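Architecture at a glance
Residues per chain, in single letters:
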Amino acid sequence: MSIEEKKDLTEFLQPFPENVRETVWRLRKFVWALYPDCNELIYDNYNALAIGFATSERAGDVFCSIAVYAKYVNFGFNRGTEIADPDKLLKGSGNLYRYLKVVDFNDFPATDLKQLLEVAHLNSLARLKEGQQILKGQTLTKSISPKKRRPV
């Protein structure tokens, strides 16, 4: 499976409004265009659909993610506190995670985010264990919650 693999994601996105689905597809394409060897890890969780882009098949190696909610999407960095953000684009007050709320992809600051993505990706590569077998360019559905709280 790869970027062409859309079956699970299409199914998981069905309950969300069209504008949210469109934002997810465009963000997904944005990341895959920059990092075609990354892996897409999909988590169909209870309160959000999460899509992580990783340098391996492990959640700990996710360098950026898309969290899908009823009215918007968060484009985030699992280790966002480790990324210099001079323009203060990222929000969040947790120990590591930082994100940008995206209501409309047309307002997404792609040029600025490319720079942040480059640093996040390099940091993720640096954390990989030496000799670790790495999948490349795969789409993997990692979990599906039986119960969900989603838009109707």
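Below: a short report on this structure. (Residues numbered from 1 in each chain as written. Predicted model: local features only at pLDDT ≥ 70, side-chain atom pairs only at ≥ 80, totals over all residues. Heavy atoms only, no water.)

Focus on the pattern of salt bridges
Formally: Salt bridges are identified by distance alone: a Lys or Arg side-chain nitrogen within 4 Å of an Asp or Glu carboxyl oxygen. The numbering of helices and of strands both runs from the N terminus, where a helix is a DSSP run of H or I of at least 4 residues and a strand a run of E of at least 2. Only protein chains enter the calculation, and the probe is 1.4 Å; a residue is then buried if its accessible area is under 20% of its type maximum, exposed if over 50%, and partly exposed in between.
In total, this model carries five salt bridges according to the counting rule given. Here Arg28 makes a salt bridge to Glu40, at a shortest N to O gap of 2.6 Å. Highlighted residues: Arg28 in helix α2 (residues 18-34) and Glu40 in strand β1 (residues 39-44), separated in sequence by twelve residues. Across this residue pair, the class does not change: Arg28 and Glu40 are buried. A salt bridge links Asp61 to Arg58, with the shortest nitrogen-to-oxygen separation between them at 3.2 Å.

Re the pairing of strand β5 (residues 98-102)
What counts is decided by this rule: Should DSSP find at least two bridges between two strands, the strands are taken to pair.
Of the two faces of β5, only the one carrying Arg98, Leu100 and Val102 is buried; Tyr99 and Lys101 on the other face are not. When strand β4 (residues 73-77) meets β5, the two strands line up antiparallel, connected through five bridges. Its bridge partner lying in β5, Asn74 is registered against Lys101.

Thoughts on the packing of aromatic side chains
Selection rule: Working definition: rings of Phe, Tyr and Trp (its six-membered ring) pair if their centres are within 6.5 Å, and the pair is stacked with planes under 30 degrees apart, edge-to-face with planes over 60 apart, and tilted otherwise. Lysine and arginine charges are scored as sitting over a ring when NZ or CZ, respectively, is within 6 Å of the ring centre and within 35 degrees of the ring normal.
Counting across every chain of the model gives nine aromatic pairs. Between Trp32 and Phe53 the ring centres are 6.4 Å apart and the planes differ by 85 degrees, which places this aromatic pair in the edge-to-face class. Within this pair, whereas Trp32 is found in helix α2, its partner Phe53 is found in strand β2 (residues 49-54), the two being separated by 21 residues in sequence. Of the two residues, Trp32 and Phe53, both sit in the buried class. In this structure, Lys101 packs its charged tip against the face of Tyr72, placed 4.4 Å from the ring centre.

Here we look at the side chain of Ser56
To keep things clear, this is the line we draw: N or O atoms closer than or at 3.5 Å make up a polar contact, with two conditions inside protein: a donor-capable atom paired with an acceptor-capable one, and, for residues adjacent in sequence, both atoms drawn from side chains.
Following the sequence through the fold, Ser56 ends up in the loop between β2 and β3 (62-68). Of the residues examined, Ser56 reaches a relative accessible area of 0% and is grouped as buried. At a separation of 3.0 Å, a polar atom in the side chain of Ser56 contacts the main-chain amide nitrogen of Arg58. Within the structure, Ser56 has its side chain in polar contact with the side chain of Asp61 (distance 2.4 Å).

Here's the deal with the nonpolar core
Put simply, the test is: Within this scheme, the nonpolar core is defined by two criteria: the residues are buried Ala, Val, Leu, Ile, Met, Phe, Trp, Tyr or Cys, and they are joined through side-chain atoms within 4.5 Å. Contact definition: two residues touch when any of their heavy atoms are within 4.5 Å.
Phe53, Ile66, Phe75, Phe77, Phe108 and Leu113 are the most contacted members of the largest nonpolar core, which has 34 residues in total. A total of six residues in this core trace back to one element, the largest contributor, which is α2. Those residues in contact with Leu113, other than ones at most four positions away along the chain, are Phe30, Phe75, Phe77, Leu89, Leu100 and Phe108. Residues Leu41, Tyr43, Val62 and Leu140 belong to the second largest nonpolar core, which totals five residues.

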